[in-house]
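Coordinates in review
Here's the letter readout for the chains.
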Amino acid sequence: MQLGNRERENLPAEPRLFGYPATSRSALVGPITAARWMLVFVLLAGVYFFNGFVVPVLAAVVIGFASWPIYRRLLTAVGGNRTLAATIAIICVVAFIVVPISVAAVYAVDEVRDWLVWAVETNANGAGVPVWLTTIPVAGVWLGEQWVKYVGHPGALGELVQLVSGSNIGNIYRGVLVIGASAFHAFLTLLFMLITLFFVYRDGHSFSKQLDHLGERIFPMRWERLSRVVPLTISSTVTGMGIIAIGEGIVLGVAYWLAGVPSPVTLGIITGLMALIPGGAPLCFTLVSVYLVASGSPVHGIALFAWGTTELFIVDKTLRPRLVGGPIKLPFLPTFFGLVGGVKTMGFLGLFVGPVLMALLVAIWREWMREVTSEAATTVSPIIKG
């Protein structure tokens, strides 16, 4: 007996062995959710595989932001040819930044190696109290006692280094001796930074527009204020604090050399780094001046202190107010945390990346406070009117 089509439709459906068909089941994970997780996975994979390029890319972005006003003038001078302007800018960066820093680093490594040779010998055999240390007024006797306690006997310096840094002095010495072996890695990092910087100069304008479109989608009505924090902060820290620190390091380093101080290049670099912290540069040249006076060169010590004080006064009264500050003014504590945390995490580049991140946090905090204050004012005003 054959059934018609209508009669076949009315027959009870046979139960499926493996459940409902795919067309009648609901998806366990929605397509939008799956796309979002896939995007997160791709981003994490990108961070994992390209984490070695983070430092050169950030360095290129920092230098690009700091030098962007000068690059815009250069772009105008060459008639808007972005490739030519980017090439000239890279040549200037190599000539005025990379080459001087490389030369200073070579001299500093040699001087630091001499320091570590002395430290290893002193740790093995001990060292007597230097005569100049005991002749320092007021604190000479106490400093001599501390020298005998922490440096004088064999093994004392190694214990002190282990206590302060957590590393064995021999490991530090061997690390400095083989620092030349990592020159190839440093060269590759520098090369990647210069390549990235070239494209930052050439395509930075179009890329910033894309970031603005994306930022407006993520932070509507707030992106314009938040996005301006980064370039203004980099301009304030790099072109302000950075230029002043480099200038003070060079000027005082030359003064150390003229005064006959041992290791003037290393001391100049230390002074420049300390100049990023308020009161750091005066502390450096004051200690060096005290060393000169105590070691039998009072004229050189007094002249160095007078020169450092005069130079610091001129910088603080003329250059610093024009270069540092502006629309972005960070309190001292966030700036200090940004500097120290940046150096600890990223090395030299952290001197500039750390304050930028702290500026972003401060900007977000101020944005929240502005929103809370405006909502509170809106809520209170109807009550007052009523």
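Residues numbered from 1 in each chain as written. Predicted model: local features only at pLDDT ≥ 70, side-chain atom pairs only at ≥ 80, totals over all residues. Heavy atoms only, no water.

1. Focus: the overall build of the protein chain
Counting secondary structure elements, the protein chain contains 16 helices and zero strands. Counting only contacts in the protein chain whose residues sit at least 6 apart along the sequence, the fraction spanning at least 24 positions is 67%. Accessible surface for the protein chain amounts to roughly 25700 Å². Of this, 72% is attributable to carbon and sulfur atoms. (Helix = DSSP H or I, 4+ residues; strand = E, 2+ residues; numbered from the N terminus. Contact = heavy atoms within 4.5 Å. Areas by Shrake-Rupley, 256 points an atom, 1.4 Å probe, with all protein chains shown as cover.)

2. Looking at a nonpolar patch on the surface
Together, Tyr48, Phe49, Phe50, Phe53, Val57, Phe184, Phe187, Leu191, Phe192, Ile195 and Phe199 make up an exposed nonpolar region whose accessible area comes to about 1100 Å². Only α2 (31–49) and α9 (183–218) provide two or more residues apiece to the nonpolar patch. By residue number, the principal contributor to the nonpolar patch is α9, which donates six residues. The topology assignment puts tyrosine 48 in helix α2. (Patch = residues over 30% accessible without salt bridge, like charges linked within 9 Å, V, L, I, M, F, W, Y side chains within 5 Å. Salt bridge = Lys/Arg side-chain N within 4 Å of Asp/Glu carboxyl O.)

3. Some thoughts on the UniProt feature "transmembrane region" (unreviewed entry) in the protein chain
Following the UniProt record, one finds the feature "transmembrane region" (unreviewed entry) at residues 26–47, 53–71, 83–109, 172–201, 229–259, 265–292 and 335–365. As a span, residues 83–109 carries 100% helix and 0% strand, and end to end its C-alpha atoms are 36 Å apart. Spanning residues 265–292, this segment combines 82% helix with 0% strand, and its end C-alpha atoms are found 16 Å apart. (UniProt positions renumbered as here; feature names shortened; annotations may be inferred.)

4. Concerning the environment of leucine 319
Mapping leucine 319 onto the fold places it in helix α14 (residues 298–323). In sequence terms leucine 319 and isoleucine 244 are 75 residues apart; their C-alpha atoms lie 7.9 Å from each other. Not counting residues within four places of it along the chain, the set of residues in contact with leucine 319 comprises Ile244 and Ile314.

5. Re helix α6 (residues 140–152)
The terminal C-alpha atoms of α6 lie 16 Å apart, and with 13 residues this falls more than 12% below the ideal 18 Å at 1.5 Å per residue. Three or more residues of α6 are buried, namely Gly140, Gly144, Trp147 and Val151. (Expected span 1.5 Å × (residues − 1). Buried < 20%, exposed > 50% of the residue type's maximum accessible area, 1.4 Å probe, protein only.)

6. Notes on the side chain of serine 263
Positionally, serine 263 belongs in the loop between α11 (229–259) and α12 (264–274). Residues in contact with serine 263, not counting those within four places in the same chain, are Glu111 and Trp115.

7. Re the environment of leucine 133
Inspection of the secondary structure assignment puts leucine 133 in helix α5 (residues 131–134). As a C-alpha pair, leucine 133 and valine 290 span 157 residues in sequence and 9.7 Å in three-dimensional space. When sequence neighbours within four positions are dropped, the list of residues in contact with leucine 133 reads Gly140, Leu143, Gly144 and Trp147.

8. Remarks on the nonpolar core
Ranked by size, the top nonpolar core spans 16 residues in total, and within it Tyr71, Val93, Met193, Leu197 and Tyr201 carry the most contacts. At the level of secondary structure, the elements contributing two or more residues to this core comprise α3 (54–77), α4 (82–125) and α9. Of the residues forming this core, the biggest block, six residues, is contributed by α4. Of all hydrophobic cores here, the second largest spans 11 residues; its members include Ala259, Cys284, Val288 and Leu304. (Core = buried A, V, L, I, M, F, W, Y, C linked by side-chain atoms within 4.5 Å.)

9. Remarks on the packing of aromatic side chains
Per the counting criterion, the structure on display carries four aromatic pairs. Between tryptophan 68 and tyrosine 71, the ring centres sit 5.1 Å apart and the planes meet at 40°, which makes this aromatic pair tilted. Of this pair, tryptophan 68 and tyrosine 71 both sit in helix α3, three residues apart, which is roughly one turn of the helix. An aromatic cluster of at least three residues, connected via ring pairs, comprises Trp68, Tyr71 and Tyr201. (Phe/Tyr/Trp six-rings, centres within 6.5 Å; stacked < 30°, edge-to-face > 60°.)

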